[in-house]
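# Residue-level structural notes
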Protein chains: 2
Amino acid sequence: MAKEGADMTEETQYMIDTNVCKEPVEHVESSGDAKEMRAVVLAGFGGLNKLRVTKKAMPEPQGGEVKIRVKACGLNFLDLMVRQGTIDNPPKPPIVPGFECSGIVESVGENTTGFEVSDRVMAFVNYNAWAEVVCTPVDFVYKMPEEMTFAEAAAFSLNFVAAYMMLFEVANLREGMSVLVHSAGGGVGQAVAQLCSTVPNVTVFGIASCFKHAAIRDSVTHLFDRNVDYMQEVKKISPEGVDIVLDCLCGDNTGKGLTLLRPLGTYILYGASNMVTGETKSFFSFAKSWWQVEKVNPIKLYEENKVIAGFSLLNLLFKHRKCSLVKSVMDKLLCLYDQKKIKPVVDSLWALEEVKEAMQRIHDRGNIGKLILDVEKSPTPLMASDSTETSEAGEEEEEPEGDNDSKERMPFIH
Amino acid sequence: MAKEGADMTEETQYMIDTNVCKEPVEHVESSGDAKEMRAVVLAGFGGLNKLRVTKKAMPEPQGGEVKIRVKACGLNFLDLMVRQGTIDNPPKPPIVPGFECSGIVESVGENTTGFEVSDRVMAFVNYNAWAEVVCTPVDFVYKMPEEMTFAEAAAFSLNFVAAYMMLFEVANLREGMSVLVHSAGGGVGQAVAQLCSTVPNVTVFGIASCFKHAAIRDSVTHLFDRNVDYMQEVKKISPEGVDIVLDCLCGDNTGKGLTLLRPLGTYILYGASNMVTGETKSFFSFAKSWWQVEKVNPIKLYEENKVIAGFSLLNLLFKHRKCSLVKSVMDKLLCLYDQKKIKPVVDSLWALEEVKEAMQRIHDRGNIGKLILDVEKSPTPLMASDSTETSEAGEEEEEPEGDNDSKERMPFIH
């Protein structure tokens, strides 16, 4: 088993490295220079040991870009998939991961309007967010409300924009409807629950691990353990099914979700975290998921009056360039924030150097709300009981780092 | 080939007759009684020769039902598929086809409120519409505007409700969007074009047979011949694709439609007329279409930010019982009609006795707008050149009836 794991890792690596890299990230190892910065670098696809904090050349803004002194970064399940290389067209490592951050504008490139030095901002970044400084096109940058903390801002952008667009752009959430959300305790799940509460009389069915129930019970109408037969439970309460299913798991939840839909209901797949089954073997899980996921017959949708959708905010931003639509959504969300109708839930803050522990926590689905990398935070000293084991046996260990049980090492849990 | 056709018909008949019939329609042959009425009866699934006009016992309204003296009935492509038995769970023949009509309320059943004798109404009926009298639950009956003719009313309900719900309930048509509609000259196609014109700055790409172009050119923004590579033509004009694709054909148009979608765009399958390839052989076409239609991988939808939906108004009404939703849509449509923003397009009026010719016309896609069965109309005498051939060679001919070239016999073309 251990042998197999190692073999697969090598082969996976080979398969991914053959992909052409569009924007290679230069990996500069140097020191002392004022034009350097700390960043989390992913040396290659694989386990936690592929991650390290190192010095890199500081980027300078191109025309149309904003340079941000980063205060906090969001850590998402997708970052795990990036680490493993289980995403579509991954860039060639070494790369700096991370898709969102908050911070202070340090400078702006030529022909860049709308932002000034010292503005407090949150931003989407097409990789490179987990660093002390990032540059990103002005279309992906938004001003932070005064009362919002940097940690909140880093927890806000991706989760709330995704939740809002799925509920109100892809589906059409209205009064009296019902929503089923998987991973109800996660960042998107909590954003979905809050946004549903802005519409009268919406029933939210949440699915989450048992140990989160006490913490999130008030955020949803009905809460189920992820290990029970949720279909049966939902049908007991709502025999006709639900109007919207939000699924970040994929796998057999797709078929179940479609079955649970009421006529004219919408199933939205917005992630495939079931593809991540272990530390490193997941390219094959990915391929398997792709082929084994239940394909949908359009004639069946016709007969049943059902809708199936896919939603990837990152593709929408960086591939499909729907920046002005996302901006208009962000405006609505900031309005709801000002009205105190929504508020990002921060699970915990981690130093850049603690990224492995943070990743392990999200891998183990231990978080309630968002994990944040706090760039200015110093790492919490390791405890004697910490070990180097990860949850996948047989992984090659390059460094004696990593922390299997992140619950033992919770530097700053909100 | 002729042999094969006959064999298939027999086998099809066998396969369909084994289905359990939920509501058998009694076939009464008698005469003179005041409690009888004329109706179109489908004796069995198959070709045009399975249809005849005969006398039947007049229905009486049950509790919650309205009895309507029918003036006009709508003829839809779906009625062809019913005739051939190529629908999901067809009832057991003999049956009276027809799903919509207009007329005058003759009586109401017990506990039936909202309608009075002599009200001018339009109604959905779960079969049995093609008769002098129908009874249908009050939830499916709507009062006609004063200035609406019976022919218009019979052309209104199904097409406009379907078009409206697809554009505004399933998709979310808004200012500046683009819509591609197949069969732009048909009843739904013309309703879609009119409803799109109620939203500012909507681009409509219509696909229709060349000979219809002169008649419908003004109703759409761009018009393409159904025999050209419409994908290439659409991409020339709109390289990013379109926001909404409405497809009543199925087959390879599903894949093409999905490819043509812009990010966050919605493909809606609302019919499968490509399943109807001839007069009688289509159960196998149906099975073939079901299995051969391109299944959709949800992960692909995720990566591309796309939505695929199916819409069947009849299932929504009679199976899913979304009556109050449809009622609210009808209210909005009647408001648009009163404002003269929409107006049903009637292709032609036919006597009940001319149902075969009417069906042949819709089979040949010769219509522009809706075909109407006018219950009070007398049939146009056959011309000497009329023949009994239908478009499918080898069909068993029980009666020397039918008219292959309905264009030679156009009793009342609007």
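A quick note: this is a predicted structure, and the numbers were derived from the prediction, not measured. (Residues numbered from 1 in each chain as written. Chains lettered and ligands numbered in written order. Predicted model: local features only at pLDDT ≥ 70, side-chain atom pairs only at ≥ 80, totals over all residues. Heavy atoms only, no water.)

## Here we look at the relation of the copies chain B and chain A
- Note on the copies: chain B fits chain A at an RMSD of 0.0 Å, the axial shift is 0.0 Å, and the rotation between them is 180°. Expressed as an axis order, the relation between the two copies is that of a two-fold axis.
- Both copies share a contact surface, since 100% of the interface residues of chain B are interface residues in chain A too. (Least-squares fit on C-alpha atoms with pLDDT ≥ 70 in both. Contact = heavy atoms within 4.5 Å.)

## Remarks on the nonpolar core
- In terms of nonpolar packing, the biggest core is built from 271 residues, with Leu313 of chain A together with Leu313 of chain B touching the most fellow members.
- If near-sequence neighbours (up to four positions away) are discounted, Leu313 of chain A is found in contact with Phe124, Leu158, Val161, Ala162, Met165 and Val326 of chain A. (Core = buried A, V, L, I, M, F, W, Y, C linked by side-chain atoms within 4.5 Å. Buried < 20%, exposed > 50% of the residue type's maximum accessible area, 1.4 Å probe, protein only.)

## Some words on the pairing of strand β9 (residues 203-208) of chain B
Residues and elements named next belong to chain B.
- In terms of residue burial, β9 counts as a mostly covered element, since five of its six residues are buried.
- Sheet topology note: the strand β8 (residues 178-181)/β9 ladder contains four bridges and is parallel. The partner of Leu180 across the bridge, within β9, is Phe205.
- Handedness of the β-α-β unit built from β8, helix α4 (residues 187-196) and β9 comes out right-handed.
- As paired strands, β9 and strand β10 (residues 222-225) are joined by four bridges and run parallel to one another. (Helix = DSSP H or I, 4+ residues; strand = E, 2+ residues; numbered from the N terminus. Pairing = 2+ DSSP bridges. Right-handed = clockwise from strand over helix to strand, strands pointing away.)

## Quick notes on the interface of chain B and chain A
- If you look at the interface, chain B gives 46 residues, while chain A gives 46 residues.
- With both chains or domains summed, chain B and chain A bury close to 3,900 Å², and 62% of this area falls on carbon and sulfur atoms.
- Considering only the side of chain B, the residues that lose the most area to chain A are Ile299, Tyr302 and Glu303 of chain B, jointly responsible for 18% of the buried surface there.
- Linking chain B with chain A are two salt bridges, by the criterion used here.
- The salt bridge partner of Glu169 of chain A is Arg174 of chain B, with a shortest N-O separation of 3.3 Å.
- The tally of links from chain B across to chain A stands at 12 residue pairs in polar contact (both at pLDDT 80 or more).
- Looking at the side of chain B that touches chain A, the elements with two or more residues in it are α3 (150-170), β12 (261-269), α8 (282-292), α9 (298-304), β13 (307-310) and α10 (313-319) of chain B.
- Class assignment of the residues belonging to the side of chain B that touches chain A gives a composition of 23 nonpolar, 10 polar and 13 charged.
- Direction of pairing for strand β13 (residues 307-310) of chain A relative to β13 of chain B: antiparallel, over a ladder of three bridges. Bridge assignment links Val307 of chain A to a residue of β13 of chain B, and that residue is Ala309 of chain B. (Buried area = accessible area lost by both parts, 1.4 Å probe. Salt bridge = Lys/Arg side-chain N within 4 Å of Asp/Glu carboxyl O. Polar contact = N/O pair within 3.5 Å; in protein donor to acceptor, adjacent residues only side chain to side chain. Nonpolar A, V, L, I, M, F, W, Y, C, P; charged D, E, K, R; others polar.)

## Some details on the packing of aromatic side chains
- Evaluation of the coordinates by the stated rule reveals 14 aromatic pairs over all chains.
- Between Tyr164 of chain A and Phe168 of chain A, the ring centres sit 4.7 Å apart and the planes meet at 45°, which makes this aromatic pair tilted. A residue pair is termed a helical-turn pair when its members lie 3 or 4 positions apart in one helix, as Tyr164 of chain A and Phe168 of chain A do in helix α3 (residues 150-170) at four residues.
- The buried category is assigned to Tyr164 of chain A, whose relative accessible area is 12%.
- Within the aromatic cluster, the residues linked to one another by ring pairs are Phe156, Phe160 and Tyr337 of chain A.
- Lying over the aromatic face of Phe115 of chain A, Lys143 of chain A brings its terminal NZ or CZ to 5.4 Å of the ring centre.
- Above the plane of the ring of Phe150 of chain B lies Arg120 of chain B, whose end atom (NZ or CZ) is 4.9 Å from the centre. (Phe/Tyr/Trp six-rings, centres within 6.5 Å; stacked < 30°, edge-to-face > 60°. Lys NZ or Arg CZ within 6 Å of the ring centre and 35° of its normal.)

## Examining the pattern of salt bridges
- Using the criterion set out here, one finds 38 salt bridges over all chains in the structure.
- Lys236 of chain B is the partner of Glu233 of chain B in a salt bridge, and the nearest nitrogen-oxygen pair spans 3.3 Å. With Glu233 of chain B and Lys236 of chain B both in helix α6 (residues 230-237) and three residues apart, the pair spans about one turn of that helix.
- The class of Lys236 of chain B is exposed, set by a relative accessible area of 59%.
- Counted as one network, the salt bridges with shared partners bring together Lys35, Glu60, Lys67, Arg69 and Glu106 of chain A.

## Let's talk about unusual backbone geometry
- Omega for the peptide link from Pro93 of chain A to Pro94 of chain A comes to 5°, which places this bond in the cis form.
- Mapped onto the fold, Pro94 of chain A is located in the loop between α2 (77-84) and β4 (100-108).
- Unlike most non-glycine residues, Lys340 of chain A shows phi in positive territory, near 60°.
- Relative to the elements of secondary structure, Lys340 of chain A occurs in the loop between α11 (323-338) and β14 (346-350).
- Phi at Tyr127 of chain B takes a positive value of approximately 75°, unusual for a residue other than glycine.
- For Tyr127 of chain B, the location among the structural elements is in the loop between β5 (120-124) and β6 (133-137).
- Residue Tyr127 of chain B is classed as buried on the basis of its relative accessible area, which comes to 13%.

## Details of the confidence of the model for chain A
Residues and elements named next belong to chain A.
- With 79% of its residues at a pLDDT of 70 or more, chain A has an overall mean of 84.
- Between residues 384-414, whose pLDDT stays under 50, and residues either more than four places distant or in other chains, the model counts 79 contacts.
- With a pTM of 0.84, the predicted complex shows an ipTM of 0.84. (pLDDT = per-residue confidence, 0-100.)

## Regarding helix α7 (residues 253-260) of chain A
- With six of eight residues buried, α7 of chain A lies mostly within the body of the structure.
- Turning to α7 of chain A, its buried residues are Asn253, Thr254, Gly255, Gly257, Leu258 and Leu260 of chain A.

## Thoughts on the side chain of His213 of chain A
Residues and elements named next belong to chain A.
- Among the structural elements, His213 can be located in helix α5 (residues 213-216).
- Only 3.4 Å separates the side chain of His213 from the backbone oxygen of Phe224, close enough to count as a polar contact.
- Ignoring sequence-local partners within four residues, the contact set of His213 consists of Ala208, Leu223, Phe224 and Asp225.

## What to know about the pairing of strand β8 (residues 178-181) of chain A
Residues and elements named next belong to chain A.
- Neither face of β8 is open: one carries Ser178 and Leu180, the other Val179 and Val181, and all of them are buried.
- Here β8 runs beside strand β11 (residues 242-247); their pairing, made up of three bridges, is parallel. Among the inter-strand pairings, Val179 is bridged to a residue of β11, identified as Ile244.

## Details of the sheet that holds β9 of chain B
- Read across the open sheet, the 12 strands follow the order β10(A)-β9(A)-β8(A)-β11(A)-β12(A)-β13(A)-β13(B)-β12(B)-β11(B)-β8(B)-β9(B)-β10(B); overall the sheet is mixed. Both outer strands of the open sheet, β10 (222-225) of chain A together with β10 of chain B, are each paired with one neighbouring strand and no more. Mean inter-strand twist for the sheet, computed between neighbouring axes without regard to direction, equals 15°.
- Against the sheet, α4 of chain B engages β8, β9 and β11 (242-247) of chain B, with an angle of about 170° to β8 of chain B. (Axes fitted to C-alpha atoms, helices over the stretch in contact; angles between N-to-C directions.)

## Details of α3 of chain A
Residues and elements named next belong to chain A.
- Here α3 spans 29 Å end to end across 21 residues, near enough to the 30 Å set by a 1.5 Å rise per residue.
- Helix geometry: α3 is bent most strongly at Phe156, by close to 40°.
- Burial of α3 is extensive: 21 of the 21 residues sit out of reach of the surface. (Expected span 1.5 Å × (residues − 1). Bend = angle between axes of the 7 residues up to and from the residue.)

## Re the environment of Gly185 of chain A
Residues and elements named next belong to chain A.
- Structurally, Gly185 can be placed in the loop between β8 and α4 (187-196).
- Placed 129 residues apart in sequence, Gly185 and Lys56 show a C-alpha to C-alpha distance of 35 Å.
- Sequence-distant contacts of Gly185, defined by excluding residues within four places in its chain, comprise Gln190, Ala208, Lys212, Ile216, Asn367, Ile368 and Gly369.

## A short note on the state of the cysteines
All names here are of chain A.
- All chains considered together, the criterion is met by zero disulfides over all chains.
- Cysteine Cys210 shares no disulfide, and the gap to the nearest cysteine sulfur, in Cys248, comes to 17 Å.
- Residue Cys210 is classed as partly exposed on the basis of its relative accessible area of 48%.
- Between Cys323, a free cysteine, and Cys101, which holds the nearest cysteine sulfur, the sulfur-to-sulfur gap is 15 Å. (Disulfide = S-S within 2.5 Å.)

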